[in-house]
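# Structure assessment
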There are 2 protein chains.
Amino acid sequence: MDALSVAQRKLMPEMSELLKKRYQILQTIYLEQPIGRRTLSEVAGATEREIRKETDLLRNQQLIEMKTAGMTVTSQGVEVLEKLKVFVREISGLTDMEIELQTILGISKVVILPQDSDEIPAVKSHIGKEAARLLEVLFGRYKKIAVTGGSTMAAISKELSIGKPNRALQFIAARGGLGEDVLHQANTIAAAFAEKTGGSFKTLYLPDHLSVEAFAMMMKEPVIKEMMDLYDQTDIVVHGIGNAEEMAVRRHSSLEEVEKIRSGGAVSEAFGYYFDKDGKIVYRIRTAGIQLEQVQKASTILAVAGGGSKARAILSYFKNAPNPTVLVTDEGAARKIIELTKKLEEL
Amino acid sequence: MDALSVAQRKLMPEMSELLKKRYQILQTIYLEQPIGRRTLSEVAGATEREIRKETDLLRNQQLIEMKTAGMTVTSQGVEVLEKLKVFVREISGLTDMEIELQTILGISKVVILPQDSDEIPAVKSHIGKEAARLLEVLFGRYKKIAVTGGSTMAAISKELSIGKPNRALQFIAARGGLGEDVLHQANTIAAAFAEKTGGSFKTLYLPDHLSVEAFAMMMKEPVIKEMMDLYDQTDIVVHGIGNAEEMAVRRHSSLEEVEKIRSGGAVSEAFGYYFDKDGKIVYRIRTAGIQLEQVQKASTILAVAGGGSKARAILSYFKNAPNPTVLVTDEGAARKIIELTKKLEEL
DNA sequence: TTTAATGGGACAAAAAACGTCCAGCTAGAA
DNA sequence: TTCTAGCTGGACGTTTTTTGTCCCATTAAA
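Residues numbered from 1 in each chain as written. Chains lettered and ligands numbered in written order. Predicted model: local features only at pLDDT ≥ 70, side-chain atom pairs only at ≥ 80, totals over all residues. Heavy atoms only, no water.

Where an unreviewed UniProt entry is consulted, chain A appears under the name Central glycolytic genes regulator, with the organism given as Planomicrobium stackebrandtii.

Rendered as C-alpha cells:
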C-alpha cells in the first residue's frame, strides 16, 4: 500500500470498513444481477434498511441502476470494482493473510476472498468465481481435468464464463455417485463444467456400498477400467474439502463406517478419503474413483473450500497435501485457521 | 489523480468533504499549537462540538496529543499533513483552479490555499506560510527585497522560519508611514522580515499628506534619496493588494482624496497606487516610496491577497500587473474571481 | 495568588438512522 | 391471456446518534 493510502486511512479510519462494505454490496449485485433489495439483504447478510441506504447511494453515484426487474451494475460500476479490487484486498489484510496461510499450510499459493461464506451465502459465489478464473488460465496448458462433487464445486461451474468453446477440454468425474444430492455429484459437476466450456465429459456411475465381490467384479468392467486409466492421465484435479462427520452424514454412511470415522478421529474428507487432524488416512470409501496417488501425480491441484466451519478440515487435509496444490478459500476460514494455529503454538 | 483515488471517491463521495475538514483542523492545530478546543473552534470556523468530535478522533489516531496546555500535533500527524498535502489540493479542485486563474489573470504562477480567509481567520496564516516558503526559496538567488505593509504582509513575517541567519538579505520598506496601524506599516514589516531571517533592513519615515513644497524638499534629503536608489536595485517585491475604499478609509485620507478615488472608480490599491476595474491608475498617494516602474523592473514580484472580499481588487490589479508576478491567494478569492469572470463573459 | 486557558464530564434537545410495513408496478411463468 | 413472484418507492413510529451548551477541576503562566 502506498504512503498516500496509509495517511488517508490514518485520517479516516472509518473509511476502510465503509469501503469494504460498499465494495462487497456492489460486487454481490454484480454477481447476482438483476437482484432486488430484499433478496440482496439476505444474500449479503445485511438488513434491508442498510442495503437500501447503500444502494441508493450507489445509484446516485451511477454505479448501479434500479429497474423493475432489480438492480444491475453499470459499466462505471464494473470499472470501480476492477480498480478497487486489489485495494480492498489490501485494506482487508487479505494479502498478508494469504502469505501467512501459505506458510502454515506449506503450499505455494493461497487465494483468500473477503467475508465468511458461513455467514454470507454470496461469498460462495465469489469463491467460485475466483476458482473459475484460475482454472480458465490453466485451460490453456492442460486439458484433462478431474472434478469432485459438492456445493463448492457447483459454485465454480456456475461462474465459468462461456467464452469460445474449447473442445479439447475433458472433464472427468473423480468419483461415482456417493449418495449425495444429484445436483452436487461429481458426475453432474463434470457435465456442467463441460457445458460451460464447450468441452467433453466422462462420468462414472457406480452405486455405493457394494459388496466386496461385486466391487471387485465391477473393477474389471471395461467402462470402469477406462476411467481408471483416465485418472492416471489427469492434469488438473479440482476438489472441495469437507468436514468428516458432515460428509458421513450426508452420504448416509452405514453405522459401521461412521464408527470407523469417529473412532479414527477423522476431521476432513476429500475424494472419499477421510483424514485425521494430522493428515493421516483414517478411512476410505470403497468405491471407484481417483486414487490419492493419482491426485498427487497431477500437475496442478486446486482445492476449494470456504467458511469458518471448514477451518479444521482444511488444516487437517493440508498436513499431507501434495505441494502443487492451490487453495481458494475465504476470510472466515483463513482467520479461523490462523487462530487455531496460534492456539496450538501457545500450548 | 490516479485511477484508484477516482474509484475510491466514486464509491465514497462523503470522503472528500470529511478529509478536507479533518485535514484543515489538523493543519490549524499544527499552525497554532498548543491550542484548546474553544479557541480552535473560533479560529477554524466550526462549532465546539464538531471540533471536539474530530479532535477526539485525531487523538485516537495518534495524530495529535492533548495536554493541559492545549493540543499539539504529533510527529505522525506532521507526516500525515505532508503526505496528504497534494491530495487535499487535488480533491478540493485547487490545482485546476490555479491553472484557470493563471489564464484569467495572465500570469505564470498562482498558488491557492484552501478555504476563505474572510470566514476562517487561520487561513491567513496558511497564506502567510505558503508565501514564506516561496520567499525562502528565492532568498538563495536574490538579496534585495522590498516589502509593503498590511495584515497579509504581517502574516508572512510571522511564518518565516528562523533558519540559519542570512546576513546578506536586505529588506527595504517600500513606502513610508501611510497612516496605517504601526504593526502593519511597511517599516515594521521590513524589520520583522529582517529579524526572522537574520538580514538587515532599511526604513523610510516620512509623514503623509505633506505640502507640495515640503515633499519636494524632503526628496532632496540624502536619507530619502538613498532609499530611492535602493528601490532601483530591488530584486523581489512582496506586496499585498487592498480594496480601494477600505484602504482610503484606513489611511484616514482627506475628503479630497476620497473624492478622487471614488469618482475615478478605483477598485484596488497596491504600493499606494489606486487602480480602476480596468487596471488604470486612478490616483496615487503623494509620498515617498517605490515607483510602479521600479516594481516592474524587479526579477520577481510576489502578490499576496486572500478572501472573497478581495476578488474584485485582485482582478483589477492584475489587469496591468507585471508578468513575473506570482499570486498567493485562497479558495474564497479564487472562486469569486472565477465567478465574476464568468458573469462578465455572459454579458 | 490570581487569571485565563485547558480537557473532560454531563445532559436535554434535535436530527438522523433504522426496522418494518404497504402499495403499486412489471416481467416472466403458466 | 391471467397469475404470481419479485421489484421499487413511499411512509412512519421507534431507536440511536449527533449536537449545542453548560459546568468543573486542573494547570500553566502572569
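## Some words on the sheet that holds strand β10 (residues 273–276) of chain B
Residue and element names in this part refer to chain B. Pairing within the open sheet is antiparallel, and its four strands lie in the order β8-β9-β10-β11. With partners counted over all chains shown, the strands left at the sheet margins are β8 (242–243) and β11 (281–284), one partner each. Strand direction decides the pairing type here: β10 and β11, joined by three bridges, are antiparallel. Bridged to F275 within β11 is I281. Helix-sheet contacts for helix α13 (residues 255–263) involve β9 (266–270), β10 and β11, and the interaxial angle to β11 is about 170 degrees. (Pairing = 2+ DSSP bridges. Helix = DSSP H or I, 4+ residues; strand = E, 2+ residues; numbered from the N terminus. Contact = heavy atoms within 4.5 Å. Axes fitted to C-alpha atoms, helices over the stretch in contact; angles between N-to-C directions.)

## Brief notes about the side chain of T234(B)
Residues and elements named next belong to chain B. Tracing the chain through its elements places T234 in the loop between α11 (222–232) and β7 (236–240). Owing to a relative accessible area of 5%, T234 belongs among the buried residues under this scheme. Of note is the side chain of T234, whose polar atom sits 3.0 Å from the backbone oxygen of Y231. Discounting residues that sit within four places of it in the chain, T234 has contacts with K144, A146, I172, I290 and A298. (Buried < 20%, exposed > 50% of the residue type's maximum accessible area, 1.4 Å probe, protein only. Polar contact = N/O pair within 3.5 Å; in protein donor to acceptor, adjacent residues only side chain to side chain.)

## Observations regarding empty space enclosed by the protein
Residues and elements named next belong to chain B. Following the criterion strictly, the structure yields three cavities of 30 Å³ or more and no others. Volume-wise, the largest cavity comes out at about 50 Å³. Lining the largest cavity, in full, are K20, Y23, Q24, Q27, V88, P114 and Q115. Take the lining of the largest cavity: its biggest share by element is four residues, from helix α2 (residues 14–32). Taken together, the residues of the lining of the largest cavity break down into three nonpolar, three polar and one charged. (1 Å grid on protein atoms, 1.4 Å probe; cavity = no way out; pocket = protein on both sides within 12 Å on 5 of 7 lines; lining within 4 Å. Points joined across faces, edges and corners; volume = space filled by probe spheres on them. Nonpolar A, V, L, I, M, F, W, Y, C, P; charged D, E, K, R; others polar.)

## Digging into the protein's contact with DNA strand D
The immediate surroundings of DNA strand D are formed by 20 residues, with G36(A), R37(A), T39(A), R52(A) and R49(B) found nearest. Near-protein atoms of DNA strand D (within 4 Å) split between backbone and bases, with sugar and phosphate holding 51%. R52(A) places a polar side-chain atom, nitrogen or oxygen, 2.5 Å from a base nitrogen of DNA strand D. Between T47(B) and DNA strand D, the recorded distance is 3.0 Å, taken from a side-chain N or O atom to a phosphate oxygen. Going through the elements one at a time, α3 (37–44), α4 (48–60), β1 (64–67) and β2 (70–73) of chain A together with α4 (48–60) of chain B are the ones with two or more residues in the surface near DNA strand D. In terms of residue class, the surface near DNA strand D is built from four nonpolar, six polar and 10 charged. (Near = heavy atom within 4 Å.)

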